[in-house]
Amino acid sequence: MSNDFLNVFLNEMKTNVNGFIAVAVTEIESGLSFGNLTIDPSFDPELAAAYNLEVVKAKLNAVKALNLNQDIEDILITLSNQIHIIDISPNKKFMIYLAADASKANLGMTRAILRKHKAEVEKNLA
């Protein structure tokens, strides 16, 4: 992945997502982190993505075991004051993990921003 693309992508998330806290891009199979960014020094997006990778793997396995023949668009985790969205690339090889302040974030806009960029992430990670 080009460092230029990654830096632009991470900063676009920071700039365009209301209530932005952190973002990380991770390879699903290996758990390799391609990059992350946070505005909160106490929030480690790489660690958060590593733990949430287990959620993604479990859900992918469940969809397969149930023969649902569907793709996971995203996984939403709502905490008392934060939302965490895990967006999975179309080829199911990469995930974008995003955390935002629930009182400031617009869920629809945040999902739209992630959808817009996930194909670009997949293309540039290849």
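Now for a description of the structure that goes with this document. Residue numbers here run from 1 along each chain, matching the order of that chain's written sequence. Given that this is a predicted model, residues contribute local features only at a pLDDT of at least 70 and side-chain atom pairs are listed and counted only at 80 or more, while totals for whole chains, interfaces and linings are drawn from all residues. Heavy atoms from the whole structure form the basis of all side-chain values; hydrogens and water molecules are not counted.

1. Quick word on the side chain of Asn-52
- A run of DSSP states H or I qualifies as a helix once it reaches four residues; a run of E qualifies as a strand once it reaches two. Both are numbered from the N-terminal end. Its location among the elements puts Asn-52 in helix α2 (residues 45–65).
- Two N or O atoms count as a polar contact when they lie within 3.5 Å, although within protein this holds only if one can serve as hydrogen donor and the other as acceptor, and sequence-adjacent residues are included solely when both atoms are side-chain atoms. A polar side-chain atom of Asn-52 sits 2.8 Å from the main-chain carbonyl oxygen of Ala-48.
- It only takes one pair of heavy atoms within 4.5 Å for two residues to be counted as in contact. Excluding residues within four positions of it along the chain, Asn-52 makes contact with Ile-77, Ile-86, Met-95 and Tyr-97.

2. Focus on the packing of aromatic side chains
- A pair of Phe, Tyr and Trp rings is counted when the ring centres sit within 6.5 Å of each other, with Trp represented by its six-membered ring. The angle between the planes then sorts it: under 30 degrees is stacked, over 60 is edge-to-face, the rest tilted. If you walk through the whole model with that rule in mind, you get two aromatic pairs.
- Measuring from ring centre to ring centre gives 6.2 Å for Phe-5 and Phe-9, while their planes differ by 15°; the resulting arrangement is stacked. Of the two residues, Phe-5 and Phe-9 both sit in helix α1 (residues 3–16), four residues apart, roughly one turn of that helix. As far as burial versus exposure is concerned, Phe-5 and Phe-9 are alike and both buried.
- Ring plane angle 70° and centroid distance 5.8 Å describe the contact between Phe-34 and Phe-94, whose orientation is recorded as edge-to-face. Taken together, the positions of Phe-34 in strand β2 (residues 33–38) and Phe-94 in strand β5 (residues 94–101) put the pair 60 residues apart, joining distant regions of the chain. Each residue's exposure class comes from its accessible area (1.4 Å probe, protein chains only) as a fraction of the maximum for that residue type: buried when under 20%, exposed when over 50%, partly exposed otherwise.

3. Re unusual backbone geometry
- Residues other than glycine seldom take positive phi values, yet Asn-67 does so here, at roughly 50°.
- Mapping Asn-67 onto the fold places it in the loop between α2 and β3 (74–78).
- For Asn-67, a relative accessible area of 60% gives the class exposed.
- Within the chain, Lys-92 stands out as a residue other than glycine whose phi angle is a positive 60°.
- Topologically, Lys-92 is positioned in the loop between β4 (82–88) and β5.

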